[in-house]
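# Per-entry structural report
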Amino acid sequence: MNIKAGLVGLPNVGKSTLFNALTNAGVPAENYPFCTIDPHVAITHVPDERLAILTQIYKSKKIVPADVMFVDIAGLVKGAAQGEGLGNQFLSHIREVNLIIHVLRCFEDDNIIHTNQQIDPLGDYEIILQELMLKDVDSIQKRLEKIKSQNKGSVPALERKQLEAERELLENILVAINAFDPAQIKKLVTESSINTVPLLSSKNSIIIANLSEHDSLHDHWLANSHYQALTEKFGADRVIPLCVKLEQELAQLSNKEAKELMHELGMKRSGLEQVIQTTYHELGLITFFTCGPQDTTAWPIPRGMNIRHAAGEIHSDLQRGFICAEITPYADIVALGSEQKLRELGKIRTEGQNYIVNDGDIIFVKFNV
């Protein structure tokens, strides 16, 4: 699946450093704007404690985790929608991602330049959002002109009605943009059944509060005024506090060394795990498993997918020749400890092609090609 999350922010807020930590890709993270010119794309594993448990139960030789794709998009600047910096190129890269991860700097450091000469994460976010909205205005105006030209002459009544409905939707979105109301834009887009131009400002997003090392430990971020402003604006569930620099250092260590350092620092879990898992969730993905003596594999699929299409994620032949699938809920296999006991108790269900896959389902597909 080509589902991507894009790291977005002003120059020098920690995007490329976070990308390095997420992927160990070694992207340059120099102390000047536009270090990252082309978007870097990398795939990282999704932490899932269920994999180790299933591997033990099925005595698998190998674990194959689910993946999520991250894109490091070069820093935006004010005026990007008019082509400032490398604006048009950057905005086109944002258009291609499914989720925006706003990286916002919440710490002072005289050695790291800030484009606007002051630390103001909310202001940085609003600059980015304003540029996305300005680009959307351009897209909407072009579409309205096209609707106007299409709606002339002897247009069939049904088509005319559809064009009028789209025009009304776009004009309402323009009102919301002029009011700088992203929540209303999102509501108008998600609640409408009308297909129209894709909008940058309506994309799902999460917030990374990039903290100093001191503020990232022992809940010190709760007293950070910039973090407080972000949670007041977006809610604590949408703001992930972490020190990007520290997370990159941890990512370069072995698992054992990283755990030892986290213990010394009083860290209960890696901030990166939270970023990856939150991204996975916000992309609308769930995981099903295939398990056996050779491997236990986690398969990411969009929430709401039926079993036949899910089988196609494993191999196209399974979708084409689908007959049925045996479904084992994760909780049942963990509770009983073996597939044999599940079969004895009749806990393994057989489902047809319209069954909607649940997160944690263990699937065995029967097919004939």
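Look above for the structure.
Below: a short report on this structure. (Residues numbered from 1 in each chain as written. Predicted model: local features only at pLDDT ≥ 70, side-chain atom pairs only at ≥ 80, totals over all residues. Heavy atoms only, no water.)

### Looking at the pairing of strand E5 (residues 99-105)
With seven of seven residues buried, E5 is to be regarded as a mostly interior element. The side-chain alternation of E5 yields two buried faces, one formed by Leu99, Ile101, Val103 and Arg105 and the other by Ile100, His102 and Leu104. Where strand E1 (residues 4-8) lies against E5, four bridges are found, and the strand directions are parallel. Bridged to Leu7 within E5 is Ile101. Pairing geometry for E5 and strand E6 (residues 204-210), over seven bridges, is parallel. Across the sheet, the residue bridging to Leu104 is Ala209, located in E6. (Buried < 20%, exposed > 50% of the residue type's maximum accessible area, 1.4 Å probe, protein only. Helix = DSSP H or I, 4+ residues; strand = E, 2+ residues; numbered from the N terminus. Pairing = 2+ DSSP bridges.)

### Looking at helix H9 (residues 244-251)
What H9 keeps buried is the set Val244, Leu246, Glu247, Gln248 and Leu250. In this structure, the buried side of H9 is in contact with helix H1 (15-23), E6, helix H7 (213-216), strand E7 (239-242), helix H10 (255-265) and helix H11 (271-282). (Contact = heavy atoms within 4.5 Å.)

### Focus on the sheet that holds E1
The strands making up a sheet associate through hydrogen bonds between their backbones, and the pairing can be parallel or antiparallel. As summarised here, the arrangement of the six strands in space is E2-E4-E1-E5-E6-E7, forming an open sheet in which the pairing is mixed. This sheet does not close on itself; its edge strands, each paired only once, are strand E2 (40-45) and E7. The average undirected angle you get between the axes of adjacent strands in this sheet is 25°. As paired strands, E1 and strand E4 (residues 67-72) are joined by four bridges and run parallel to one another. Residue pairing in the sheet places Lys4 in a bridge with Met69 of E4. Running over the sheet, H1 touches E1, E2, E4, E5 and E6 and is turned about 155° from E4. (Axes fitted to C-alpha atoms, helices over the stretch in contact; angles between N-to-C directions.)

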